[in-house]
Amino acid sequence: MTTRELATPEELGRALARAPDPEQARVALSRLGDNAAARETLGRADVLEAAIPLLGFAQAVVDFFVKHPDELASLADSRPRDGAELRTEAAASVANHGPNAGLRRFRRRATYRLAARDLAGEPVDDVILELTSIAEALLVTAVDTVDGADRLAVIGMGKLGGRELNYSSDVDVLFVHDAATPDDNEEANRAAASLIALLSDPTDDGIAIRVDPNLRPEGRAGPLSRSLAAMEEYYARHAATWEKQALLKARAVAGDLELGAAFVETITPHVYPAVLPARAVEDVRATKARIEEIVRAQGKEDREIKRGRGGIRDVEFAVQLLQLVHGRRHTALRQAGTLPALKALAEEGFVSAADARALADSYRFLRRLEHRLQMVRDLQTHELPTSRHRLEVLARSMDLPGPNELRAEHARHAALVREAHERLFYRPLLETFSHPDVPEPGAGRPDTEELLAGLGFIDPTAAYVAFQRVVDPSTRLGRVLAGLFPVIAPALADSDRPDAALGRLERVSGELDRSNDMKEVVAFHADSIADRLAERPDAARRLASLLAQSSAFADRLVTRPELVTATFELPAPERPLFASDPEADLVRVAAAYASREVRVPDLGRRLAAVADAVVERAMASDEHAADSAPVAAIALGSFGREDLSFASDLDLVFVFDGAEPDEVRAPFGLAERTMARIRDAGWQIDADLRPEGRSGPVARSMASYLEYWTRWAETWEYQALLGARFVAGDESLGRRFISNARDFAFPEVLTIEQVAQIRRMRVRMEEERVRPPEARRFHFKLGYGGLADVQFAVELSLMRHGATNESLQGQRHPLEALEALAGLRLIEQSVALSLSEAYTFLMEIRAALEIERRLPAEALPPSPEVQAGLARRLGYGERSRQRFLEDYRRITRRSRLAMERVFYEEAD
């Protein structure tokens, strides 16, 4: 085939120049040129004009036309079609080719005609509407084809219901039937299954559309179709918030449209109830947070244009939250589509006109980009490619010069969307509390109090009044806090007790105001903090998150309000940063944890670094230190392993050089004074791990330690040495202590008796220290599958293998040790994964409990209400307590089995 046979060189050259990937277009023309009919059709200028951009971008289009060259002629008429025209065309395609082939060929023909217009600049609003009409034509035609399907009402959900489908969308549907006898139910479910199979089962021509019925009541476990009465009963009594959120877009699209309309009318009162259910808003926000966590864990939050930061979901969730809250009273907001709903929100005054325009523009850009990604291979994908060539082609298809410009444009829109998403729901509250004249009780107050109730405030009237005091416009701090309301309110609402969190914020802000009144005699005052907060919304979010989760830290900020400035920066990752004020560093770490910017295991390391600084300062400030023989402070236990929590004791021992009486007294005094200063700084010392426990001397010489380990120490004491770490004092002596300790912690041979002692110790800890026996199931420190199971499994493995694998001797932290052991194939990968999962999960529980009052926590709280609050703090949303307890049982069961495999199934 020559290009002359296709068209004039000028026509072909102009067409190829417009293709996003000219080389791909040339290859496609070569493939199609093998067919005489295709060659003749492409010789027509009107077909060539539409075909070349498609062939030079979408491989799926090329494959279709190679298989069905007779369909190329359809590109000559790519004008818009309405629903009636598309349904007529779909029916004709079925008549010509049969149901399976006819529906599949129609979908591709209609979609690729539209894609040609799309690449030529068709507005995205028109594209998503016609894509939806194509899907509806498929459903209507399939209903006409399948026996019994005409008795079903096919309810469009998601993007189908919102008339905003993309090229590779799943089509979310519900099926409703009229009667409810067993025979009726069986027939309806059979018809629904046949309808799905006709459209979604793969054939030689692929699928028509992916029909997804999983938004139905009970999901995959529920019947495909339910009667109208059964639907009403479910949504009235059993539906979760996310299920009602999904119904925002519900509309009848095929089958029995009258029954479908009745369904929509029936469920509307449950979608828009007269009274906003408690925690409804939090449930929606928690669902969004879980989506973000998944994407973040996959490392895709900057590349995923749908679920990533500033993506399509950000727009959709912000709009749907406002609809759920305000659509109950404002029926104009009950729009199925995102763009129509956004327009209505602006018209009704819930979103500013400027915000609505900016969000709509960014939403259109993201949807257009999503369409381009999915055109290529007709696949559900939402990730920007990493290949520079693919980015180049994608940029050309978006009429952008190149990859850099594409990335910049995506980043601009993502930033705009994210900023709007984070404050859009709080717009009405922002208007209430940031106005220069705080409104008196009036028309807007009931709505505001209802919103506060939706956020979880038990006493919304008191919360309203408290917020008025916090954002008092007569003070600089009050005006700044009013402007920061969109970042403060979500953090307070994340608390399991938002009212208490708001009370803490009021106490701290009040103390800052009093400091402002005394600014002549204090080193800081509220105006300086207010000015800095105004420039650092992230600091306001950390502060509010800390107050939401911790009464202990709130009390400390009231006592020392200057510590508020510690929330302005994230804690640095490495130890030398903690030089000036360890208490400020502790607040900094706690605030970063509360705002979810620091997690386990990093939390334990940073808390250990703060504790290190406390010990260093306590030793260095001793005025008699120079009179003492060299002394070193050695961390053991969780302190040595650097896996502290907020109420951890510090396992600390002291070693010195010398043996004469005069050489002993000074180190004893230094050790005692150091421990006293550590306690004064708010940390508790645990002496149980030193030789002879609490009855033993606070400090020993190196020679005394060696004698004790050689002659009297028990196996558990060698086990404790695995985590030994030098902290402060004489570094040379500290290193010598660690080196000597390793000789005992990693024996050349771990005897059968020593293994048995370790096993017996673990059993005794659980049986003697956790009473009654039924409490062991939820004692996350010492009980079934708890942290002790992880610790003992790790330590037994290290003692077994450390002598012959020196790389293990520096692995103190449990997660690092598990990774190293699995890497050396000394424990099974599945065992390491189960133990690592348990460690991370249980340490998160411990931190979430201990940050509140800085008191030790070892077991789940017995109260169901407190358990539910804990679950919410850990990020569980819908059915938070139930889902949390299910995870707890599953994870601890695996941990116990993994521990037992290490203990009992490895050869001694």
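Residues numbered from 1 in each chain as written. Predicted model: local features only at pLDDT ≥ 70, side-chain atom pairs only at ≥ 80, totals over all residues. Heavy atoms only, no water.

J.: Can you lay out the overall build of the protein chain for me, pointing to particular residues and giving the numbers?
T.: In terms of regular secondary structure, the protein chain is built from 42 helices and ten strands. Dimensions of the protein chain, computed from C-alpha atoms along their principal axes, come out at roughly 105 × 70 × 65 Å. Classification of the 908 residues of the protein chain by burial places 58% in the buried group. Partitioning the intrachain contacts of the protein chain with sequence separation of at least 6 by distance along the chain shows that 72% fall at a separation of at least 24. With an accessible surface of roughly 37200 Å², the protein chain has 50% of that area assigned to carbon and sulfur atoms. With 120 positive and 144 negative side-chain charges, the protein chain shows a separation of 1 Å between the mean positions of the two kinds. (Helix = DSSP H or I, 4+ residues; strand = E, 2+ residues; numbered from the N terminus. Buried < 20%, exposed > 50% of the residue type's maximum accessible area, 1.4 Å probe, protein only. Contact = heavy atoms within 4.5 Å. Areas by Shrake-Rupley, 256 points an atom, 1.4 Å probe, with all protein chains shown as cover. Lys, Arg positive; Asp, Glu negative; His and termini not counted. Charge placed at Lys NZ, Arg CZ, Asp CG, Glu CD.)

J.: Kindly report on the nonpolar core, identifying the contributing residues and their values.
T.: Core analysis: the biggest nonpolar cluster contains 183 residues, and Phe263, Trp709, Phe737, Ile845 and Phe884 have the highest contact counts within it. Element by element, the count of residues in this core is highest for helix α40 (residues 829-853), at 13 residues. Apart from residues lying up to four places away in sequence, Trp709 is in contact with Met702, Tyr718, Leu721, Phe737, Asn740, Ala741 and Phe744. Membership of the second largest hydrophobic core comes to 104 residues, among which are Ala38, Leu54, Phe350 and Val351. (Core = buried A, V, L, I, M, F, W, Y, C linked by side-chain atoms within 4.5 Å.)

J.: Please give an account of unusual backbone geometry that cites residues and values.
T.: The omega torsion across Val600 and Pro601 is 10°, close enough to zero to call that bond cis. Among the structural elements, Pro601 can be located in the loop between α30 (582-594) and α31 (602-620). Of note, the bond from Arg771 into Pro772 is cis; its omega dihedral lies within 30 degrees of zero at -5°. Along the chain, Pro772 falls in the loop between α37 (752-769) and α38 (787-801). One non-glycine residue, Asp378, lies in the positive phi region at around 55°. One can find Asp378 in the loop between α18 (353-375) and α19 (388-397). Positive phi, close to 60°, is recorded for Glu642, a residue that is not glycine. Residue position: Glu642 is located in the loop between α32 (637-641) and β7 (650-656).

J.: Give me the pattern of salt bridges: which residues, what numbers.
T.: In this structure the tally under the stated criterion is 78 salt bridges. We note a salt bridge from Glu316 to Arg313, for which the minimum N-O separation is 2.7 Å. A residue pair is termed a helical-turn pair when its members lie 3 or 4 positions apart in one helix, as Glu316 and Arg313 do in helix α16 (residues 312-326) at three residues. Using a relative accessible area of 22% as the deciding quantity, one classes Arg313 as partly exposed. It is possible to trace a salt-bridge network through shared partners that takes in Asp70, Glu71, Glu89, Arg105, Arg109 and Arg113. (Salt bridge = Lys/Arg side-chain N within 4 Å of Asp/Glu carboxyl O.)

J.: Got a sec to walk through the confidence of the model for the protein chain? Specific residues and values, please.
T.: Per-residue pLDDT for the protein chain has a mean of 88; in total, 93% of the residues score no lower than 70. Ranking the elements of the protein chain by mean pLDDT puts helix α1 (residues 3-6) last, at 42, and strand β1 (residues 153-156) first, at 98. Scored below 50 in pLDDT, residues 1-6 shows twelve contacts in the model against residues more than four places distant or in partner chains. Here residues 435-443 is modelled with pLDDT under 50, and outside its nearest four sequence neighbours on either side it reaches nine contacts, counting other chains as well. (pLDDT = per-residue confidence, 0-100.)

J.: How would you sum up the environment of Thr565? Please name residues and give values.
T.: As for its placement among the helices and strands, Thr565 is situated in the loop between α29 (551-559) and α30. Taking C-alpha positions, Thr565 is 42 Å from Arg776, a pair spaced 211 residues apart along the chain. Contacts of Thr565, omitting those with residues within four sequence positions, involve Ile529 and Arg532. Polar contacts involving the side chain of Thr565 include one to the main-chain carbonyl oxygen of Glu562, which spans 2.8 Å. (Polar contact = N/O pair within 3.5 Å; in protein donor to acceptor, adjacent residues only side chain to side chain.)

J.: Outline α29, supporting the account with residue identities and numerical values.
T.: What α29 keeps buried is the set Ser551, Phe553, Ala554, Leu557 and Val558. The buried residues of α29 occupy an angular sector of 160° when projected down its axis, which confines them to one face. Put simply, Ser550 is the residue that caps the front of α29, since its side-chain oxygen is 3.4 Å from the backbone nitrogen of Ala552. (Arc of directions from axis to C-beta.)

J.: Describe in detail the packing of aromatic side chains, supporting the description with residues and values.
T.: On inspection of all chains with the given rule, the structure shows 20 aromatic pairs. Measuring from ring centre to ring centre gives 6.2 Å for Phe65 and Tyr112, while their planes differ by 65°; the resulting arrangement is edge-to-face. Of this pair, Phe65 sits in helix α6 (residues 59-67) while Tyr112 sits in helix α8 (residues 99-119); the two residues are 47 residues apart in sequence, bridging distant segments of the chain. Both residues of the pair, Phe65 and Tyr112, belong to the buried class. Taking the centre distance of 6.3 Å and the plane angle of 45° together, the rings of Tyr708 and Trp712 count as tilted. By relative accessible area, which is 9% here, Tyr708 ends up buried. Taking relative accessible area as the criterion, Trp712 reaches 48% and is therefore assigned partly exposed. Site record: aromatic cluster; members linked through ring pairs are Tyr705, Trp709, Tyr718, Phe737 and Phe744. Of note, Arg334 hangs over the ring of Tyr272, and the distance from its end group to the ring centre comes to 4.4 Å. (Phe/Tyr/Trp six-rings, centres within 6.5 Å; stacked < 30°, edge-to-face > 60°. Lys NZ or Arg CZ within 6 Å of the ring centre and 35° of its normal.)

J.: Lay out the packing of helix α7 (residues 83-97) against α8 with the relevant residues and their values.
T.: It is the contact of α7 with α8, at a shortest axis distance of 7 Å, that shows an interaxial angle of 140°. When the interaxial angle is binned, α7 and α8 end up oblique. In the crossing of α7 with α8, the sense of the turn from one axis to the other is right-handed. Residues Leu86, Glu89, Ala90, Ser93, Val94 and His97 of α7 lie in contact with α8, whose contacting residues are Pro99, Ala101, Gly102, Leu103, Arg105, Phe106, Arg109, Ala110 and Arg113. Taken together, the residues of the contact of α7 with α8 sort by class into eight nonpolar, three polar and four charged. (Axes fitted to C-alpha atoms, helices over the stretch in contact; angles between N-to-C directions. Parallel < 35°, antiparallel > 145°, perpendicular 65-115°, else oblique. Left-handed = near helix turned anticlockwise from the far one by under 90°. Nonpolar A, V, L, I, M, F, W, Y, C, P; charged D, E, K, R; others polar.)

J.: Mind laying out the side chain of Ser638, listing which residues take part and the relevant values?
T.: Checked against the element boundaries, Ser638 lands in helix α32. Residue Ser638 is classed as buried on the basis of its relative accessible area of 11%. Contacts of Ser638, omitting those with residues within four sequence positions, involve Asp643, Leu644, Ser648, Asp649 and Asp651.

J.: Pulling in residues and values, what's your account of the side chain of Ser225?
T.: By the secondary structure assignment, Ser225 is in strand β4 (residues 225-227). From its side chain, Ser225 meets the backbone oxygen of Phe175 in a polar contact 3.4 Å long. In terms of polar contacts, Ser225 uses its side chain to reach the side chain of His177, at 2.7 Å. Beyond its immediate stretch of four places on either side in the chain, Ser225 contacts Leu152, Phe175, Val176, His177, Ala188 and Asn189.

J.: Could you give an account of the packing of helix α28 (residues 537-549) against α29, naming the residues involved and the relevant values?
T.: Working note: a packed helix pair is described by the angle between its axes plus the distance between those axes. Between α28 and α29, the shortest axis-to-axis distance is 6 Å and the interhelical angle comes to 120°. The angle between α28 and α29 falls in the class oblique. Facing α28, whose interface residues are Leu543, Leu546, Leu547 and Gln549, α29 presents Ser551, Phe553, Ala554 and Leu557. Residues of the contact of α28 with α29, tallied by class, amount to six nonpolar, two polar and no charged.

J.: Give a detailed account of the environment of Tyr839, specifying residues and quantitative values.
T.: Turning to its location among the elements, Tyr839 is positioned in helix α40. As for Tyr839 and Val600, which are separated by 239 residues in sequence, their C-alpha atoms are 9.1 Å apart. For Tyr839, the residues in contact, after removing those within four places along its chain, are Val600, Pro601, Asp643, Leu787, Val790, His813, Pro814 and Leu815.

J.: Lay out the environment of Asn189 with the relevant residues and their values.
T.: Relative to the helices and strands, Asn189 is located in helix α11 (residues 182-200). Note: C-alpha distance between Asn189 and Leu224 (35 residues apart in sequence) is 5.5 Å. The contact partners of Asn189, leaving out residues within four places of it in the chain, are Pro223, Leu224 and Ser225. Looking at Asn189, its side chain comes within polar contact range of the main-chain nitrogen of Leu224, at 2.7 Å.

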